[in-house]
Structures are given as C-alpha cells and as structure tokens.
Amino acid sequence: VQKKVAYVMADAGDKRVTAPGASGDATYRQLEQTGLDALRAVYADVVVVPSAKDAGTIQAVGAAYVFTPQIKADFSAPSPYLNPLTVFNTEVVYVVTDPVGAEIARVKANGAGKAAFDEFRYDPGLAARRASTDLSAKLSDEVRKNDRLR
C-alpha cells in the first residue's frame, strides 16, 4: 500500500505487554519489532513515533494512520523442570487512529510457537521466534484485509 504510517514504539519504561511466566521487557521488545516488521510488509513507508498522542510529530511526518500495539504473551512448558519455556502464544491488537487520534479500526492477530526439547536445548529462543514469525504473517494479512486501512 502506497501510504506512510506511524508505529508507536514506547520508551523502555512504558511497557504495554502482559507476559505471565516470563520477563515482559525482552518479550515486549521482540514482539514490538515483529509488529513493525508486519507493517513494513504492507505499507510503503513506516515511521516510528514514541507516542500516539503527539499529533504534531505525526502530522509533521505525514502519516496517514497511527498503529499502537497492545501486546499479550503467554509462556509455558509441559514440565516445571523445563527451562527455557517451550510453548509461546501471543496476541497483538493494533489500535489504528488517524493523525489527530480518532480511532479508525482495531486489528487483531495471534501467533503461536512450540519447540521440542531436542530443538530448543541448543536454541532457547526457538519457540518465541516461531511465534513471532507466525504473528508477523497473520498481522500483515489482517491489515491487508481491512478496507479502511488502504
């Protein structure tokens, strides 16, 4: 899509992730980057902004839409003795607004990743990367399907 959009990536202290069972900081950053990659697969130009409330900056960069992610993640393992966690599920909801802050749409997608012991013992982040890859593809598809975001 030949439009410029803005993607909100907050300061490290402003997490918007729910991640029971694991550290939210690292998880949030990885999923935030996944959301950015998903938008870059759809739009010609994606700029990063620190806040959806900074209308002056958003208008100055010429963004047609502003995407603010709401991220949830859940981690688990089939055994309490397994570390790293082997099952990773995530959900991202984009709240999409116009440059002055009026909501246009909400786009939601879920990603999932699993890794067996033989796979993750030398690659502890495998389940999370699989979930991120799954999530990125689904987010891009959901944005493309929404007629209001073209």
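Rules and cut-offs
Residues numbered from 1 in each chain as written. Predicted model: local features only at pLDDT ≥ 70, side-chain atom pairs only at ≥ 80, totals over all residues. Heavy atoms only, no water. Helix = DSSP H or I, 4+ residues; strand = E, 2+ residues; numbered from the N terminus. Buried < 20%, exposed > 50% of the residue type's maximum accessible area, 1.4 Å probe, protein only. Contact = heavy atoms within 4.5 Å. Areas by Shrake-Rupley, 256 points an atom, 1.4 Å probe, with all protein chains shown as cover. Phe/Tyr/Trp six-rings, centres within 6.5 Å; stacked < 30°, edge-to-face > 60°. Pairing = 2+ DSSP bridges. pLDDT = per-residue confidence, 0-100. Salt bridge = Lys/Arg side-chain N within 4 Å of Asp/Glu carboxyl O. Core = buried A, V, L, I, M, F, W, Y, C linked by side-chain atoms within 4.5 Å. Polar contact = N/O pair within 3.5 Å; in protein donor to acceptor, adjacent residues only side chain to side chain.

Caption draft 1: Summary view of the overall build of the chain. Helices and strands together make up the secondary structure of the chain, namely four helices and six strands. Reading the secondary structure of the chain in the N-to-C direction produces β-β-α-β-α-β-β-β-α-α. A burial count over the chain gives 43% of its 150 residues as buried. Of the contacts made within the chain by residues no fewer than 6 positions apart, 65% connect residues no fewer than 24 positions apart. In the structure as shown, the chain presents an accessible area of about 7700 Å², 51% of it carried by carbon and sulfur atoms.

Caption draft 2: Here's a closer look at the packing of aromatic side chains. All chains considered together, the criterion is met by five aromatic pairs. Where Phe75 meets Phe88, the ring centres are 4.6 Å apart and the plane angle is 80°; that geometry is what we call edge-to-face. Taken as a pair, Phe75 in strand S4 (residues 65-76) and Phe88 in strand S5 (residues 87-97) lie far apart in primary sequence, 13 residues in all. Assessed through its relative accessible area of 12%, Phe75 is described here as buried. Residue class for Phe88 comes out buried when judged on its relative accessible area of 3%. An aromatic cluster of three or more residues is present, and its members are Tyr7, Tyr43, Tyr65, Phe67 and Tyr94.

Caption draft 3: Summary view of the pairing of strand S6 (residues 103-114). Sheet topology note: the S5/S6 ladder contains 11 bridges and is antiparallel. Looking at the pairing, Asn89 lines up with Ala112 of S6. Connecting S5 to the next strand, S6, in antiparallel fashion are five residues, including Gly101 with a positive phi near 105°.

Caption draft 4: Spotlight on the confidence of the model for the chain. Here the chain averages 86 in pLDDT, while 84% of its residues score no lower than 70. By mean pLDDT, the top-scoring element of the chain is strand S1 (residues 4-8) (97), and the lowest-scoring one is strand S2 (residues 17-18) (52).

Caption draft 5: Quick peek at the pattern of salt bridges. Counted according to the given criterion, the structure contains nine salt bridges. A salt bridge links Arg129 to Asp123; the nearest nitrogen and oxygen atoms lie 2.5 Å apart. Across the pair Asp134 and Lys138 runs a salt bridge whose closest N-O atoms are separated by 3.1 Å. Linking Asp134 with Lys138, this pair stays in helix H4 (residues 126-145), spanning four residues, or about one helical turn. The exposure class of Lys138 is partly exposed, given its relative accessible area of 37%.

Caption draft 6: Just the nonpolar core, in detail. Core analysis: the biggest nonpolar cluster contains 32 residues, and Tyr7, Leu39, Tyr43, Phe67, Tyr94, Val143 and Leu149 have the highest contact counts within it. Looking at this core, the elements that each hand over two or more residues are S1, helix H1 (24-40), S4, S5, S6 and H4. For Tyr7, the residues in contact, after removing those within four places along its chain, are Leu31, Glu32, Gly35, Leu36, Leu39, Val46, Val47, Val48, Val49, Phe67, Pro69 and Tyr94. If you look at the next biggest cluster of nonpolar residues, it comprises seven residues, including Ala6, Val8, Val49 and Ile58.

Caption draft 7: Up close: the side chain of Glu91. If you trace the backbone, Glu91 turns up in strand S5. Here Lys108 takes part through its side chain, which lies 3.5 Å from a polar atom of the side chain of Glu91. If near-sequence neighbours (up to four positions away) are discounted, Glu91 is found in contact with Gln70, Ile71, Lys72, Lys108, Ala109 and Asn110.

Caption draft 8: Layout of the side chain of Thr34. Mapped onto the secondary structure, Thr34 falls in helix H1. In this structure Thr34 touches Ser132, Leu135 and Ser136, once residues within four positions along its chain are discounted.

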